[in-house]
Amino acid sequence: MIQTKTNLKHIRSFVTDEQLLEYENKIENTFKTIYDKLGAGNDFLGWVTLPSEMTKDFIKDIKNQAELLRKKSEVFVVVGIGGSYLGARAVIESLTHQFSSLINKGDETQIVYAGHNMSEDYLVELLELLDNKDYSMAVISKSGTTTEPAVAFRILKNHLENKYGKEEAKTRIVAITDKERGALKTLANTECYKTYIVSDNVGGRYSVLTPVGLLPIAVAGIDIEELVNGALAMENYCKENRNSDNVVAKYAVARQALYHDGKTNEILVSYEPRLSYIAEWWKQLYGESEGKEGKGIFPASDIFTTDLHSMGQYIQEGLRNLFETIISVEKPSREIRIPLADNDLDQLNYIAGKRLSEVNRTAETATILAHVDGGVPNIIIQIPEISARTIGELIYFFEMGCALSGYMLEVNPFDQPGVEAYKKNMFALLGKKGFEERAAALRERIK
Ligand code: PA5
C-alpha cells in the first residue's frame, strides 16, 4: 500500500496555477518517454523494473552470502564511492541503531566504509581498527576502474592477506562489478572472488536495489525483502498511475515549476538524523542527473532542528532562490516523555508529559510556516514511519521523480559527463601514461 504523500499546499502561493498546469500537461508524455524508452539515456532504464524482476533465488543468494560474511566478521568494510557506496550507507544508517558501534555486544557485524575518499589519515585509522577485528569486505565498482576504491582496495587487500593468508583472504572478499569490463572484474576472476554483477542497464546512482546496495544492507542485518517490497509497491503504483495525480509526478512537477520561477536550490530536510545519508544519496541522484548543460536545481540538505541553529538564518532571510522538500515522518519507533520537574528552573513544565516527537513535530510545523512566510516554498513528503518498507518506497519514489524531472528539464538524467574533468586532470598530474600533453598545460597554470 502506498503511504508516501506529497503535500503541495505550501508551494501554491509561489507558482501560479498556469505554471503548475504547464508541467502537469507534460507528465503523461514524460511517463511515456520512460516506460517506452524514448528518451536520451534509454539504455539505462533497468532500475524501472528492478523490484518486480528480482527473483526469490537472487534474494536468497544475497542473504546466504551475507550470513556467511556476518558469521566471520565483527566488521564489514564496504569499499566504493558515489553510486557504489551512498545507497548502501543511506539504507543502513536509516535502519540500524544510531549508536550501534558503541552498544554492540559483539554479536552484530559493524559496517564501515572505505574508498569514498583518499584521506591517508582515514585509511590508516581504519587499518588500526581492523588490526584488532575479524573482518571481511565488499569491493564495489561498476566500471571497475575508479581510482578511490581501487587504491583503498589495494591497501586493504594487502592488510587482509597479511592478517589471514592469501587463501582465507579470498573467502573474505566479495567483488561487485560489471559483467566483463574493468580491472576489478579481471582481478576478481584471477583471484576467484565471489562476484556479483551489476547489469549494464543500471547506472551507479540507480543501483541501490542491485547487489551494490543489497549485499552490504543484508550484512548489516536489514530485511532486504521488505526493502524490495516497498520499492515494488511504488513501482506498481507508478506503472498504474502515469498521470499528474501520481505523488511522484507531483514532486517532479513542483520542482520544475519552482525552478523555472527562480527557485534554483532545493534543500532536502528531515527532522530525523538517521535520514542524513538518504539526503546524501539523494544529492548524488539529483545532482548528477540534472546538473548539466548549464541547467539543474542545486541539491542541498539539512537536518532540522540541528541546522536551524546554523543555516536557519540564511534560509529565513538570505537570497530567495531556495525551496525545501521535507521528508516528514509521522511515527517515531521509540518513545520518551519530558518529565515534570519540581522546581521548573528550566521553565519546561509547560511541555512536561509530552512525547519528544510531539515537540519535534511542532518544531516542524512552526518551521514550515516560518520559512513559507519568509519566501521559501515547501514540498512535504510524508511517510508513516522509518522501516525497510518505507525506505524502499522512498528510494523508488526519488528515482522515478528524478527521471521525470530530468526529462522535463530536457537533459539526459542517466549520464554524468562532467565527472570526468577532475579525473583527467588528476591522472595527468599523477603522471599517468597518455596524459602528458594535459599535464604540461596544467603545470603551466599552477606554476
Ligand atoms: O552514478 C554514477 O555512475 C557515479 O557517480 C558512480 O557511481 C561513481 O563514480 C562510482 O563509479 P564506479 O561504481 O564505476 O566505481
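J.: Can you explain the sheet that holds strand β8 (residues 298-303)? Please cite residues and give values.
T.: Pairing is mixed across the open sheet formed by 5 strands, whose spatial order is β1-β10-β9-β7-β8. Only two strands of the sheet have a single partner each, and these edge strands are β1 (5-7) and β8. For this sheet, the mean inter-axis angle between neighbouring strands, taken without regard to orientation, is 20°. Where strand β9 (residues 322-329) and strand β10 (residues 378-383) come together, 6 bridges link them in parallel fashion. From the neighbouring strand, Thr325 faces β10, where its bridge partner is Ile379. Across the sheet, helix α12 (residues 247-259) is in contact with β1, β7 (265-270), β9 and β10; its angle to β10 comes to roughly 160°. Sheet contacts for helix α15 (residues 356-373): β9 and β10; angle to β9, the most-contacted strand, approximately 160°.

J.: Let's hear about the pattern of salt bridges: which residues, and what values?
T.: Following the criterion strictly, the structure yields 30 salt bridges and no others. Residues Glu161 and Lys157 are paired through a salt bridge, measuring 3.2 Å at the closest nitrogen-oxygen approach. Residue Glu161 and its partner Lys157 are located together in helix α7 (residues 147-164), separated by 4 residues, close to a single helical turn. Sharing partners across several salt bridges, the network here consists of Lys157, Glu161, Lys166 and Glu191.

J.: Any details on the site of the ligand? Residues and values, ideally.
T.: Close to the ligand lie 13 residues; Ser84, Ser141, Ser143, Thr146 and Gln284 are nearest. Between the ligand and Gly83, the relevant distance is 2.8 Å, taken from an oxygen atom to a main-chain nitrogen or oxygen of the residue. Coverage of the ligand by the protein chains reaches 88% of its 380 Å² of free accessible surface. Tallied by class, the residues present in the shell around the ligand amount to 1 nonpolar, 9 polar and 3 charged.

J.: Account for the nonpolar core, naming residues and giving values.
T.: Core analysis: the biggest nonpolar cluster contains 107 residues, and Trp47, Leu209, Leu215, Trp281, Phe398 and Met400 have the highest contact counts within it. Broken down by element, this core gets its largest block of residues, 12 residues, from helix α16 (residues 388-408). When we break this core down by domain, the ones giving at least three residues each are domain 1 (5-41 + 227-408) and domain 2 (47-224). With residues near it in sequence (within four places) discarded, Trp281 still touches Leu86, Gly87, Ala90, Arg205, Val208, Ile395, Phe398 and Glu399. Counting 23 residues, the second-largest nonpolar core is a separate cluster that includes Leu126, Met137, Leu160 and Leu184.

Criteria and cut-off values
Residues numbered from 1 in each chain as written. Predicted model: local features only at pLDDT ≥ 70, side-chain atom pairs only at ≥ 80, totals over all residues. Heavy atoms only, no water. Pairing = 2+ DSSP bridges. Helix = DSSP H or I, 4+ residues; strand = E, 2+ residues; numbered from the N terminus. Axes fitted to C-alpha atoms, helices over the stretch in contact; angles between N-to-C directions. Contact = heavy atoms within 4.5 Å. Salt bridge = Lys/Arg side-chain N within 4 Å of Asp/Glu carboxyl O. Near = heavy atom within 4 Å. Polar contact = N/O pair within 3.5 Å; in protein donor to acceptor, adjacent residues only side chain to side chain. Areas by Shrake-Rupley, 256 points an atom, 1.4 Å probe, with all protein chains shown as cover. Nonpolar A, V, L, I, M, F, W, Y, C, P; charged D, E, K, R; others polar. Core = buried A, V, L, I, M, F, W, Y, C linked by side-chain atoms within 4.5 Å. Buried < 20%, exposed > 50% of the residue type's maximum accessible area, 1.4 Å probe, protein only. Domains from an automatic or database assignment.

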